[in-house]
Amino acid sequence: MRVELPMPRVGPGNDDAPRPIKVVLNWGRRYSLWVFNFGLACCAIEFIAASMARHDFIRLGVIPFAPGPRQADLMVVSGTVTDKMAPAIRRLYDQMPEPKYVISFGACSNSGGPYWDSYCVTKGVDQLIPVDVYVPGCPPRPEALLQGIIRLQEKIASETLSTKAIRAKYAGSRRAAAGEVTRPLVARPHPTRPQVTRPQVTRPHVTDRDTGGELS
Amino acid sequence: MIETPCRDVPLQEWTAALAAARSEGFDFFDWLTAVDETDAPESPGFDLVCHLMNSSTGQSSHGALARVLVRTRVPNGQSAASATGLWSGAAWHERETHEMFGIDFEGFDDGTGLGLRPLLLPNGFDGTPLRKSFVLAARASKAWPGAKEPGESSEGGEGSPAHTEKPGRRKIAPPGVPDSTWGPR
Ligand code: SF4
């Protein structure tokens, strides 16, 4: 079964909306950021700390945690991005509805950080997806993430979200298409020993709008 | 801390030594890995190391399990015998050692019949990254952007190693850093 659904986006009505309406739209958008935590290493702990009572980013309108990328507006990549993880990051980013924002949290996801030398670490998540705000530090303190969120909200407030602007942001600055960093899922090895049979699970196929590639 | 006893065995007796340790009661396979000793002055190669524990010990009040290391030297290019016949769980460790160090294991069998294949590396990865001879791609394409001390800059500014280093000091590049034959960076 194949489901063809368009990527949800702010409609062309936004192009013609009068200025006060745009202000209201942007205001609504910046204070209801459903966040999706891509926690990969030690920085994720600081991110979690920022979501807890003491730092509490809910007061800035960042809502933890979206049930999945399809319900999220903001992705925070916190931790060491490895080449093996890269396809998953790209895939989940592609599944987020537009407009979408990315905060790169910590030295590792900014540039590879202390593992810049490593044979398996991606030299910054911005090689895979466009990043809006970089938060430096190893790890950054939770306050630094709050500052990053405020920066992002300032960016959103001054944004004009026309379809053209969205295209320029998401389609124009693509460093890689999903297909380039996506590998097929690992298949189970063919058993020669008798194995316990498991019930067959069928999953709906979802089509990636931008590449026409199939994500399964 | 008590040092774990280590038994050095010749390569031909690798599985025999493991089987002997197992029959002595060291029945729990903990891990297996290799150490790159290809720059050792005598009999260069890879140290294949296996850590075993005795699961019937440790009932006393201080509770430490008896443990032993078994070690052998595998010359570059030669293969070792597989321990999967003794412990099925050795399969993952041998696959990892194979992809990281390029050591072959004869008689490897994890029940799939697919043989030694990469376990952790991304598909299409070339090379054996934990060998000292493996050149780091990032270093080969770009100068290291970091600094060893706070305030140092990689641009060679004031206080950078280029100014403070004694001229007579021999520079030893760490493993993985491409030498001058890779061209200027
Ligand atoms: S930047 Fe530092 S704290 Fe953050 S994931 Fe990397 S090593 Fe860990």
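Reference entry: report on the structure contained in this document. Note that the structure is a prediction, hence the values are computed from the model and not measured.

1. Notes on the overall build of chain B
Okay, step 1: Counting its secondary structure elements, chain B contains four helices and six strands.
Okay, step 2: Helices and strands appear in chain B in the N-to-C order β-α-β-β-β-β-α-β-α-α.
Okay, step 3: Of all 185 residues assigned to chain B, the portion counted as buried reaches 32%.
Okay, step 4: Taking as baseline every contact in chain B between residues at least 6 positions apart, the subset at least 24 positions apart corresponds to 58%.
Okay, step 5: For chain B, the exposed area adds up to about 11,300 Å²; of that, 53% sits on carbon and sulfur atoms.

2. A short note on the side chain of Thr80(A)
Okay, step 1: Mapping Thr80(A) onto the fold places it in the loop between strand 4 (74-78) and helix 4 (86-95).
Okay, step 2: The exposure class assigned to Thr80(A) is buried, which follows from its relative accessible area of 15%.

3. Considerations on the sheet that holds strand 2 (residues 28-37) of chain B
Residue and element names in this part refer to chain B.
Okay, step 1: One open sheet holds the four strands; their spatial order is 1-4-3-2, and the pairing between them is mixed. The sheet is open, and its two edges are formed by strand 1 (6-8) and strand 2, each paired on a single side. Neighbour to neighbour, the strand axes of the sheet diverge by 20 degrees on average, direction disregarded.
Okay, step 2: Bridging between strand 3 (residues 45-54) and strand 4 (residues 66-74) involves nine bridges; their strand directions are antiparallel. From the neighbouring strand, Leu 52 faces strand 4, where its bridge partner is Val 68.
Okay, step 3: Sitting on the sheet, helix 1 (residues 14-23) touches strand 1, strand 2, strand 3 and strand 4, and the angle it makes with strand 3 is about 15 degrees.
Okay, step 4: In the packing of helix 2 (residues 90-101) onto the sheet, contacts are made with strand 2 and strand 3, and the angle to strand 2 comes to roughly 10 degrees.

4. Describing the packing of aromatic side chains
The relation between two aromatic rings is expressed through the spacing of the ring centres and the mutual angle of the planes.
Okay, step 1: Taken as a whole, this structure holds nine aromatic pairs over all chains when the rule is applied.
Okay, step 2: Consider the rings of Phe36(A) and Phe38(A), whose centres lie 6.1 Å apart with planes at 80 degrees: the pair is edge-to-face.
Okay, step 3: Under the relative-accessibility criterion, Phe36(A) is labelled buried at 12%.
Okay, step 4: Both rings, one in Phe125(B) and one in Phe134(B), keep their centres 6.1 Å apart while their planes meet at 20 degrees; by these two values the pair is stacked.
Okay, step 5: One aromatic cluster is present, built from ring pairs that chain together Phe47(A), Phe57(A) and Phe65(A).
Okay, step 6: If you follow Lys100(A) out to its NZ or CZ, it ends over the ring of Tyr93(A), 4.3 Å from the centre.

5. What about the site of the ligand?
Okay, step 1: Every residue near the ligand is listed here: Ala41(A), Cys42(A), Cys43(A), Gly79(A), Thr80(A), Ala107(A), Cys108(A), Pro114(A), Tyr115(A), Gly137(A), Cys138(A) and Pro139(A).
Okay, step 2: Considering only residue class, the shell around the ligand consists of nine nonpolar, three polar and no charged.

6. Notes on the interface of chain B and chain A
When the parts come together, some accessible area is lost, and that loss is often what is quoted as the size of the interface.
Okay, step 1: Listed per partner, the contact involves 23 residues of chain B and eleven residues of chain A.
Okay, step 2: Note on chain B versus chain A: buried area summed over both sides is about 1,400 Å², and carbon and sulfur give 61% of it.
Okay, step 3: A per-residue breakdown of the area chain B buries against chain A is headed by Gly111(B), Pro122(B) and Ala138(B), which together make up 29% of the total.
Okay, step 4: Across the chain B-chain A interface, the total number found is zero salt bridges.
Okay, step 5: One can count two residue pairs in polar contact (both at pLDDT 80 or more) joining chain B with chain A.

7. Some details on the sheet that holds strand 2 (residues 33-39) of chain A
Residues and elements named next belong to chain A.
Okay, step 1: Pairing is parallel in the open sheet, where five strands are placed in the order 3-2-4-5-6. Since the sheet does not close on itself, it has two edges, and those belong to strand 3 (62-63) and strand 6 (133-135), each with one partner.
Okay, step 2: Sheet topology places strand 2 next to strand 4; five bridges connect them, and they run parallel. Directly across from Gly 39, in strand 4, lies its bridge partner Ser 78.

8. Focus on a nonpolar patch on the surface
Residue and element names in this part refer to chain A.
Okay, step 1: A grouping of Val 24, Trp 27 and Tyr 31 is seen on the molecular surface, where their side chains present a nonpolar patch of about 340 Å² in accessible area.
Okay, step 2: Relative to the assigned elements, Trp 27 resides in helix 2 (residues 19-30).
Okay, step 3: Here Trp 27 falls in the exposed class, since its relative accessible area comes to 54%.

9. Section: the pattern of salt bridges
All names here are of chain B.
Okay, step 1: Going through the model one piece at a time under the given rule, you end up with eight salt bridges over all chains.
Okay, step 2: Notably, a salt bridge pairs Glu 24 with Arg 7, separated by 2.7 Å at the nearest N-O pair. Of this pair, Glu 24 sits in the loop between helix 1 and strand 2 while Arg 7 sits in strand 1, and the two are 17 residues apart along the sequence.
Okay, step 3: Across the salt bridge formed by Asp 8 and Arg 71, the nearest N and O atoms sit 2.8 Å from each other. Separated by 63 residues along the polypeptide, Asp 8 in strand 1 and Arg 71 in strand 4 bring together distant segments of the chain.

10. A short note on helix 2 of chain A
All names here are of chain A.
Okay, step 1: When the terminal C-alpha atoms of helix 2 are compared, their 16 Å separation across twelve residues agrees well with the 16 Å that a helix rising 1.5 Å per residue should span.
Okay, step 2: By the burial criterion, the buried members of helix 2 are Asn 26, Arg 29 and Arg 30. All buried residues of helix 2 fall inside an arc of 90 degrees around its axis, so they share one side. Along helix 2, the residues that are exposed and aim more than 90 degrees away from the buried face are Pro 20, Val 24 and Trp 27.
Okay, step 3: Packed against the buried residues of helix 2 are strand 2, strand 5 (101-105) and helix 6 (142-157).

Conventions we followed
Residues numbered from 1 in each chain as written. Chains lettered and ligands numbered in written order. Predicted model: local features only at pLDDT ≥ 70, side-chain atom pairs only at ≥ 80, totals over all residues. Heavy atoms only, no water. Helix = DSSP H or I, 4+ residues; strand = E, 2+ residues; numbered from the N terminus. Buried < 20%, exposed > 50% of the residue type's maximum accessible area, 1.4 Å probe, protein only. Contact = heavy atoms within 4.5 Å. Areas by Shrake-Rupley, 256 points an atom, 1.4 Å probe, with all protein chains shown as cover. Pairing = 2+ DSSP bridges. Axes fitted to C-alpha atoms, helices over the stretch in contact; angles between N-to-C directions. Phe/Tyr/Trp six-rings, centres within 6.5 Å; stacked < 30°, edge-to-face > 60°. Lys NZ or Arg CZ within 6 Å of the ring centre and 35° of its normal. Near = heavy atom within 4 Å. Nonpolar A, V, L, I, M, F, W, Y, C, P; charged D, E, K, R; others polar. Buried area = accessible area lost by both parts, 1.4 Å probe. Salt bridge = Lys/Arg side-chain N within 4 Å of Asp/Glu carboxyl O. Polar contact = N/O pair within 3.5 Å; in protein donor to acceptor, adjacent residues only side chain to side chain. Patch = residues over 30% accessible without salt bridge, like charges linked within 9 Å, V, L, I, M, F, W, Y side chains within 5 Å. Expected span 1.5 Å × (residues − 1). Arc of directions from axis to C-beta.

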